There are 2 protein chains.
Amino acid sequence: MQTLWQFMRSHPIGGTLSKNDWENNDFLSVTAKIYKPHSVIGRQDDDNSEIFIVKSGWAILYHGLLDGERQIIDTPLTGDIVGFRSVDGPRLASLASITELTVYEISSKELVEAILSEGRLGKKIACSLARLNAILAEHLMNTGRRNAMSRTAHFLLELEERLSMVRLSAHGRYECPLTQHELADILGMTTVHVNRTLRELRKADLVSFKAGHVQVINRKKLVEIAGFDNEYLR
Amino acid sequence: MQTLWQFMRSHPIGGTLSKNDWENNDFLSVTAKIYKPHSVIGRQDDDNSEIFIVKSGWAILYHGLLDGERQIIDTPLTGDIVGFRSVDGPRLASLASITELTVYEISSKELVEAILSEGRLGKKIACSLARLNAILAEHLMNTGRRNAMSRTAHFLLELEERLSMVRLSAHGRYECPLTQHELADILGMTTVHVNRTLRELRKADLVSFKAGHVQVINRKKLVEIAGFDNEYLR
DNA sequence: CGCTATCTTGACTGAACTCAACTAACGTGG
DNA sequence: CCACGTTAGTTGAGTTCAGTCAAGATAGCG
């Protein structure tokens, strides 16, 4: 059992709040819950209204379409908020763990009440949502206006940047537990084409993705063909 | 010159606040500014940090890529917030008017201060951003996992729903001042293909888009091929 | 050791793009 | 008021990038 102030200090939401700020607010308690790899944490269309904040591990947030296809909306990482809705209602997307995943689970109603009585929390949540917005907008450019190469390159660079911010990447290297199939559902491509594209990227000595390990080889060129600008992740 | 409470009562952000709620807060004044059709209200990469709230008219929020392509992120409508960022920094996208456009312009810094001192504002902003998130996620499904037909159908249904909420659509009819070229940049397609797709939709007696006028003809079938569920717009 | 998930590759297909030409609508200035 | 330029929309022919289908390789696991 922990209070929310602990979350507030986690990256990338930032830690401008001291523990003291929250002493009168520990009614807003959160439990850190641990899930096994490949478990479903929250299911699309379900009515349970918890909000999740990722503490550690990899997850995917996805929406299944009627024809059996799915689109992965985002890969929430440490500090990211999932499931906040503008109104009461069913979940719009499912959250599933990829690795072992630790999440804070907060009652939606209690979080809203806490926002009402503590402006700093409202600000943090708003900022976090604004950042997610920017990420989604960038994914939209990816699927809408970039070809397979530049799209894949862009996403791998995004991951590198996001992971750096939570100390999970350095020197262009990081662990990425996503399968090519999952990558395909993120990028709006087929598994087969993801495979070919990764081969191309490797052959061009730009970036390699093998056995869950990503290594940026030629950052300058990669950034160029991806049209990558990290400003949106700040 | 108006105070922000006026905005708060506008759809779809909802009007749970009374004028009284804001009497001690009219330091947060906002000016409603009117722009001519096809003017640029805020430019990508610029450092001015106003936040815009659309009062009336049509606008597009877009991001230009290096190769001259652009992706339209959203078409903000009455009540929608544009330009809120998680940190200080340049604009991530440009905002341009399509029709005559009236927007409230609010200093980013002042808005954040107001959020800090008034929880209800923070809640409203957070909810508004969460809704935008849901819209972007849906656009992502569109470009990532739906074909031209169902993608176009989906967007036309989204517009119908969003416009209904601000009383600008009824009985499946609404005015839409977007060109096919703009539609293409929203949907991640080419102008030519948008044209062909609209013809198909018309020929199948599903929906017609002619001369800025949209008419849903067979809603049931249209919803079906689009895989449309309006829940995300609530 | 066999089962299953993941990855890889090749051959073929097709949805959407490109290029190009033409029509329609509109505005504006001579 | 018509001539001209400009923007928007339309259509056809040919191309291409990514998808589909199918088969095999690899590897992790119970």
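You'll find the structure just up there.
What this report covers is the structure whose coordinates are included nearby. (Residues numbered from 1 in each chain as written. Chains lettered and ligands numbered in written order. Predicted model: local features only at pLDDT ≥ 70, side-chain atom pairs only at ≥ 80, totals over all residues. Heavy atoms only, no water.)

**What to know about the packing of aromatic side chains**
Residues and elements named next belong to chain A.
Link 1 in the chain: As enumerated under the stated definition, the model contains two aromatic pairs over all chains in all.
Link 2 in the chain: Measuring from ring centre to ring centre gives 6.2 Å for Phe228 and Tyr232, while their planes differ by 75°; the resulting arrangement is edge-to-face. By the burial criterion, Phe228 is buried, and Tyr232 matches it.
Link 3 in the chain: The residue whose ring lies beneath Arg70 is Tyr62, and the NZ or CZ to ring-centre distance is 5.1 Å. (Phe/Tyr/Trp six-rings, centres within 6.5 Å; stacked < 30°, edge-to-face > 60°. Buried < 20%, exposed > 50% of the residue type's maximum accessible area, 1.4 Å probe, protein only. Lys NZ or Arg CZ within 6 Å of the ring centre and 35° of its normal.)

**Some words on the protein's contact with DNA strand C**
Link 1 in the chain: Taken together, 15 residues are adjacent to DNA strand C, and A:Gln180, A:Asn195, A:Arg199, B:Ala148 and B:Arg196 come closest.
Link 2 in the chain: Here, DNA strand C places atoms within 4 Å of the protein, and 68% of those atoms are sugar or phosphate.
Link 3 in the chain: A distance of 3.2 Å is found between a base nitrogen of DNA strand C and a side-chain nitrogen or oxygen belonging to A:Arg196.
Link 4 in the chain: Secondary-structure elements contributing two or more residues to the surface near DNA strand C are helix 6 (191-203) of chain A together with helix 6 (191-203) of chain B.
Link 5 in the chain: A total of four residues in the surface near DNA strand C trace back to one element, the largest contributor, which is helix 6 of chain A.
Link 6 in the chain: Looking at side-chain class alone, the surface near DNA strand C contains four nonpolar, seven polar and four charged residues. (Near = heavy atom within 4 Å. Polar contact = N/O pair within 3.5 Å; in protein donor to acceptor, adjacent residues only side chain to side chain. Helix = DSSP H or I, 4+ residues; strand = E, 2+ residues; numbered from the N terminus. Nonpolar A, V, L, I, M, F, W, Y, C, P; charged D, E, K, R; others polar.)

**Quick notes on the sheet that holds strand 13 (residues 213-216) of chain B**
Residue and element names in this part refer to chain B.
Link 1 in the chain: On the basis of which strands lie adjacent, the open sheet formed by four strands has the order 10-11-13-12 and antiparallel pairing. Edge positions in the open sheet fall to strand 10 (169-170) and strand 12 (207-210), since each of these has one partner strand only.
Link 2 in the chain: Bridging between strand 10 and strand 11 (residues 173-175) involves two bridges; their strand directions are antiparallel. Bridge pairing in strand 11 links Ala170 to Arg173.
Link 3 in the chain: Against the sheet, helix 4 (residues 148-165) engages strand 10, strand 11, strand 12 and strand 13, with an angle of about 85° to strand 11. (Pairing = 2+ DSSP bridges. Contact = heavy atoms within 4.5 Å. Axes fitted to C-alpha atoms, helices over the stretch in contact; angles between N-to-C directions.)

**Quick notes on the sheet that holds strand 6 (residues 70-74) of chain B**
Residue and element names in this part refer to chain B.
Link 1 in the chain: Pairing is antiparallel in the open sheet, where four strands are placed in the order 3-8-5-6. In the strand order of this sheet, the two ends are held by strand 3 (40-42) and strand 6, each with one partner. Adjacent strand axes in the sheet meet at a mean angle of 40° when their direction is disregarded.
Link 2 in the chain: Note that strand 5 (residues 59-64) and strand 6 share four bridges and pair antiparallel. Its bridge partner lying in strand 6, His63 is registered against Gln71.

**Some details on the relation of the copies chain A and chain B**
Link 1 in the chain: Rotating chain A by 180° about the axis while translating it 0.0 Å along that axis superimposes it on chain B, leaving an RMSD of 0.0 Å. The two molecules are tied by a two-fold rotation axis, judged by turn and shift.
Link 2 in the chain: Interface residue correspondence from chain A to chain B reaches 100%, placing this contact among same-surface, isologous pairings. (Least-squares fit on C-alpha atoms with pLDDT ≥ 70 in both.)

**Remarks on the interface of chain A and chain B**
Link 1 in the chain: Between chain A and chain B, the contact holds 49 residues from the first and 49 residues from the second.
Link 2 in the chain: One can count six salt bridges joining chain A with chain B.
Link 3 in the chain: Between A:Glu231 and B:Arg85 there is a salt bridge, with its nearest N and O atoms 2.8 Å apart.
Link 4 in the chain: The tally of links from chain A across to chain B stands at 15 residue pairs in polar contact (both at pLDDT 80 or more).
Link 5 in the chain: Among the secondary structure elements, those contributing two or more residues to the side of chain A that touches chain B are strand 6 (70-74), helix 2 (108-117), helix 3 (119-145) and helix 5 (180-187) of chain A.
Link 6 in the chain: When residues of the side of chain A that touches chain B are assigned to their parent elements, the largest contribution, 21 residues, is made by helix 3 of chain A.
Link 7 in the chain: Looking at the side of chain A that touches chain B, its residues break down into 25 nonpolar, 12 polar and 12 charged. (Salt bridge = Lys/Arg side-chain N within 4 Å of Asp/Glu carboxyl O.)

**Looking at the environment of A:Lys123**
Link 1 in the chain: Within the secondary structure layout, A:Lys123 lies in helix 3.
Link 2 in the chain: Given a relative accessible area of 31%, A:Lys123 falls into the partly exposed group.
Link 3 in the chain: Beyond its immediate chain neighbours, meaning those up to four positions away, A:Lys123 contacts B:Val112, B:Ile115 and B:Leu116.

**Points about the protein's contact with DNA strand D**
Link 1 in the chain: Around DNA strand D, 15 residues are found, and the nearest of them are A:Arg196, B:Gln180, B:Asn195, B:Arg199 and B:Lys210.
Link 2 in the chain: Of all atoms in DNA strand D that approach within 4 Å of the protein, 68% are sugar or phosphate atoms.
Link 3 in the chain: The contact in question runs from a base nitrogen of DNA strand D to an N or O atom on the side chain of B:Arg196, over 3.2 Å.
Link 4 in the chain: Between DNA strand D and B:Lys210, the relevant distance is 2.8 Å, taken from a phosphate oxygen to a side-chain nitrogen or oxygen of the residue.
Link 5 in the chain: For the surface near DNA strand D, the elements supplying multiple residues, two or more each, are helix 6 of chain A together with helix 6 of chain B.
Link 6 in the chain: Here the surface near DNA strand D gets four residues from one element, more than from any other, and that element is helix 6 of chain B.
Link 7 in the chain: For the surface near DNA strand D, the class distribution of residues is four nonpolar, seven polar and four charged.

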